[in-house]
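Each chain, written out:
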Amino acid sequence: MSKSGRGHLRIYLGAAPGVGKSYKMLGEGQRRLTRGTDVVVGFVETHGREHTAEMLEGLEIVPRRIIDYRGASFTEMDLDAVLARRPEVALVDELAHTNVPGSRNEKRWQDIDEILAAGIDVISAVNIQHLESINDVVEKITGVPQQETVPDRVVRAADQIELVDMTPEALRRRMAHGNVYSADKIDAALGNYFRVGNLSALRELALLWLADRVDVGLQQYRAQHDIDSTWEARERVVVALTGGPEGGTLIRRAARIAARSSGGDLLAVHVARSDGLTGADPKRLAEQRILVESLGGTYHQVVGDDVPAALLTFARAENATQLVLGGSRRSRFGALTGPGIGTSTIRDSGDIDVHIVTHSQMGRGRLPRLRGSLSTRRKVEGFVLAVVLPPLLALLLGFGGDSLNLTSNVLAFLLAVIVVALVGGLWPAMVTAVGGTVVLNYFFTPPTRTFTIAELNNVLALAIFVLVAAMVSSVVDRAARRTRQAARAAAESETLATLAGSVLRGETALPALLERVREAFGMTSACLMERVDDDELTEVWRPIASAGTPTCRRPEDGDAEIPGRDDLVLVLQGRQLAADERRLVGAFAAHAAALVDRARLSAAAAEAKPLAEADKLRTALLRAVGHDLRSPLASAKASVTSLRSDDVDWSESERAELLETADESLDRLSRLVDNLLDLSRLQAGVLPVFTRPMALDEIVPGVLAELGDQSEKVTVDIPHTLPLVEADPALLERVVANLLANAIRHSPVGRAPLITGSALGDTVEIRVIDRGPGIPREDRDRVFAPFQRLGDTDNTVGVGLGLALARGLAEAMHGTLQPEDTPGGGLTMVVSIPTANLRPADAPIPGSRERSEPEAL
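If you're wondering where the values come from, they're calculated on a predicted model, not measured in any experiment.

### Here we look at unusual backbone geometry
Right, so step 1: One non-glycine residue, Arg 86, lies in positive phi territory at about 50 degrees.
Right, so step 2: Relative to the helices and strands, Arg 86 is located in the loop between helix H3 (79-85) and strand E6 (89-92).
Right, so step 3: Residues other than glycine seldom take positive phi values, yet His 814 does so here, at roughly 65 degrees.
Right, so step 4: One can find His 814 in the loop between helix H24 (802-812) and strand E23 (816-821).
Right, so step 5: By relative accessible area, which is 37% here, His 814 ends up partly exposed.

Dropping the structure here:
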């Protein structure tokens, strides 16, 4: 039990059913029991597996709660009984399980959260396919939709996650031996969900997801313990980009280095310097960013005046192991001005390996430029020149003797002042001007070797010299300051453009924006918070999105608060921001506020979309059904009018024919109206669906009766050994009847449609097979649109609602309807309905919406 009063959560994570998660969970329970720990079984499904059932021996089992739902009885974990029992450890299987309606919580993980809140430790199990973030990926791999999911945050919040791993070949052998499913399900499982390719992909997903979770925990540990040194748990290669033509060479070289180790990461970073003198080409940077992303890497941009320090800070923050730099483009003359970025980076890299990559642009740089910003180094150099240059110049001018007059000497010292101003700015130049005046007065103004000035014009010359020196120094300093401001603005604009572009390309714009802000300004975390309550005494804030750790709970927790608007604030942790940085971050805060508004507008638009679809449906309905309603009405009206006519003496056979025509027309009209009403209810989301466990052969008599005489053209082959399905009998009957009517319409003479059924995974598949012309693959989605018959204008066959209604009804029962080619020609409509789960022996194969997958050893 946690000292804070909340229990610990331990989760066994598996790639597929049968790897042994429940067995491992029960084994951990037995181990703790032998140590004297109070352990109970809150809920475990053995699914008839002998080895799993053996592990329950000796463990106290909390009796389950029986819930009656729609005429059937179900068992669920008795949450209140577990809480009242108050054990030290509770074993609760199937974390993603959906509780039967009538339970206190909708999901089992919510039950577990209550148990944890009571201070009870919980051990549970879950399969990778049930994680919400990769649910769609699993469906693409296996073709089986997972109805039960658990939010990733629930699993990530576990105190311990242990992977229960098994090779695909070993799991298939275990299944073939009957240790996972019953004999009648083995062949279907091995040929579908449990193919080697599926299991390998699921295993890789589980390993990668757990590796990412471990990496997040490692980063948090390093941050909490102020660890800056690199831990080479995984190869991370950072490549530094300047926007130069050599960028592509560096990226490819870094990608090859990262590819040498399995799971290596590639990160590209560009340092935008505030002086704007990095020589970055925005077009080249954009091309290089695309190249990095195409190679599976990520692109980042940070702001820093000291490029080597910024590179190493970023590399250490990302726990990088290797840093790739390009050889210097500076010429030999440029190298004389001091060590380059590569040399400085290597000197301070510590335990990060630095690779200097040669390229064709090496040594082709330009002469060193006079920088527009007055760094501390330049100011120091300026003061050194201010002290050294006047005496040195006096010595040189002294060799000229009487051949130089005062005017030439003054101009020479004025040149020295300008040189110092260009190097060090205003104050070093003023020192030079004052020092030059003293030297001129003492050595070159008659009488020499004294500070006395004999002639008035010499006084005027020295005064003008000081004034001109001050003015020139001021102009030079102001130009340097303006250059620095312009360069800073350019760097900020480049950062804004780069970050905005990367955000707009992503799907999760707000988290991406916060992550980029955190990286660009070297922060440990960035959090966007919204004020949800404001009264006279207190303010309540709610985090909307965050990046990095730790996450702030209040604006006061951060080092910088940047308002996005009155009720939104961007909170940064890591260091205090300078005034110009706050201005730049303010733009991102405003952008974040706009993203929040846009997301909420999109949500509102999504809520309004069903209404628009309903209006569209009604419009199409009015346009399409005019003739189809009139046709049966006209036939029925004509038949009844003829029967009532006194002008014609109808024979018995003619009277029977007219009555039959009226009856058929009214039946057509009734079916059309029923389809229209049901489709409208589906579109509005108000169609009542009452599912219950049922046998598939229950619907056959009703389907054949609805088809009438046409039922003689249908072949039925539904095995009686199929498992029960969870479906609404009336709706499932409508689905099959519509599909059979469509199959009869398109089947050639003498080739009767076939309806058959089979078990596959956690579903039962109903197949309606015809030998007609089939449907082109590119038109298969169109046939399910209302009022669509692939261009057929013959309204005598209906308005095209049958297939649209059939798919809508199947999906309303948590099933699917998909078309397939019939081998040898024709169309097969496959209806997949979830199997019912009434007792442990009826354990489903993956994807059941009533139970998560079982485990076995």
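### Re the side chain of Arg 518
Right, so step 1: With respect to the element layout, Arg 518 can be found in helix H19 (residues 509-520).
Right, so step 2: For Arg 518, a relative accessible area of 14% gives the class buried.
Right, so step 3: For Arg 518, the residues in contact, after removing those within four places along its chain, are Glu 318, Met 523, Thr 524, Ser 525, Ala 526, Ala 547 and Gly 548.

### Some points on the packing of helix H15 (residues 376-398) against helix H17 (residues 426-444)
Right, so step 1: Interhelical geometry of H15 versus H17 gives an angle of 20 degrees and a closest axis separation of 9 Å. Between H15 and H17, the crossing angle belongs to the class labelled roughly parallel. Crossing geometry of H15 relative to H17 is assigned as right-handed. Across the interface between the two elements, Lys 379, Gly 382, Phe 383, Ala 386, Pro 390, Ala 394, Leu 397 and Gly 398 of H15 pack against Trp 427, Pro 428, Val 431, Thr 432, Gly 435, Gly 436, Val 439 and Phe 444 of H17.
Right, so step 2: Tallied by class, the residues present in the contact of H15 with H17 amount to 10 nonpolar, five polar and one charged.

### Describing the sheet that holds strand E19 (residues 715-717)
Right, so step 1: Taking strand neighbours across the sheet as the criterion, the five strands line up as E19-E21-E22-E24-E23 in an open arrangement whose pairing is mixed. Two strands lie at the open edges of the sheet, namely E19 and E23, each paired on one side alone. With strand direction ignored, the average angle separating the axes of adjacent strands in the sheet is 20 degrees.
Right, so step 2: Pairing of strand E22 (residues 763-769) with strand E24 (residues 827-834) involves seven bridges; the strand directions are antiparallel. In the strand pairing of E24, Val 764 is matched with Ile 833.

### Regarding the environment of Met 166
Right, so step 1: One can find Met 166 in the loop between strand E8 (160-164) and helix H7 (168-176).
Right, so step 2: Taking C-alpha positions, Met 166 is 6.0 Å from Val 19, a pair spaced 147 residues apart along the chain.
Right, so step 3: Aside from chain neighbours lying at most four places away, what touches Met 166 is Val 19, Leu 171, Arg 174 and Arg 203.

### Digging into the sheet that holds strand E7 (residues 121-127)
Right, so step 1: In space, the six strands of this open sheet follow the order E3-E2-E6-E7-E1-E8, with parallel pairing throughout. Of all strands in the sheet, those bounded by a partner on one side alone are strand E3 (60-61) and E8.
Right, so step 2: As paired elements, strand E2 (residues 39-43) and E3 share two bridges and run parallel to each other. The residue of E3 that forms the bridge with Val 41 is Ile 61.
Right, so step 3: Its contacts with the sheet put helix H1 (residues 21-34) on strand E1 (9-14), E2, E6, E7 and E8, and the angle it makes with E7 is roughly 165 degrees.
Right, so step 4: Strand contacts of helix H4 (residues 108-117): E1, E2, E6 and E7, with the helix running at about 160 degrees to E7, the strand carrying the most contacts.

### Notes on the pairing of E7
Moving residue by residue along a regular strand, the side chains alternate between the two faces of the sheet.
Right, so step 1: Counting buried residues in E7 gives seven out of seven residues, a clear majority hidden from the surface.
Right, so step 2: Where E6 meets E7, three bridges bridge the pair, whose relative direction is parallel. Bridge pairing links Leu 91 to Ile 123 in E7.

### Brief notes about a negative patch on the surface
Right, so step 1: A cluster of like negative charges, contributed by Asp 649, Glu 654, Glu 657, Glu 660, Asp 663, Glu 664, Asp 667, Asp 709 and Glu 712, occupies part of the molecular surface.
Right, so step 2: Structurally, the position occupied by Glu 660 is in helix H21 (residues 652-684).
Right, so step 3: Its relative accessible area of 47% is what places Glu 660 among the partly exposed residues.

### Brief notes about the pairing of E22
Right, so step 1: Within E22, six of the seven residues are buried, leaving the element largely enclosed by the surrounding structure.
Right, so step 2: Note: strand E21 (residues 754-760) against E22, seven bridges, orientation antiparallel. Considered in E22, the bridge of Gly 757 is made with Ile 766.
Right, so step 3: Following E21, the chain reverses through two residues before pairing antiparallel with E22; Gly 761 in that reversal takes a positive phi of roughly 65 degrees.

Conventions used here
Residues numbered from 1 in each chain as written. Predicted model: local features only at pLDDT ≥ 70, side-chain atom pairs only at ≥ 80, totals over all residues. Heavy atoms only, no water. Helix = DSSP H or I, 4+ residues; strand = E, 2+ residues; numbered from the N terminus. Buried < 20%, exposed > 50% of the residue type's maximum accessible area, 1.4 Å probe, protein only. Contact = heavy atoms within 4.5 Å. Axes fitted to C-alpha atoms, helices over the stretch in contact; angles between N-to-C directions. Parallel < 35°, antiparallel > 145°, perpendicular 65-115°, else oblique. Left-handed = near helix turned anticlockwise from the far one by under 90°. Nonpolar A, V, L, I, M, F, W, Y, C, P; charged D, E, K, R; others polar. Pairing = 2+ DSSP bridges. Patch = residues over 30% accessible without salt bridge, like charges linked within 9 Å, V, L, I, M, F, W, Y side chains within 5 Å. Areas by Shrake-Rupley, 256 points an atom, 1.4 Å probe, with all protein chains shown as cover. Salt bridge = Lys/Arg side-chain N within 4 Å of Asp/Glu carboxyl O. Lys, Arg positive; Asp, Glu negative; His and termini not counted. Charge placed at Lys NZ, Arg CZ, Asp CG, Glu CD.

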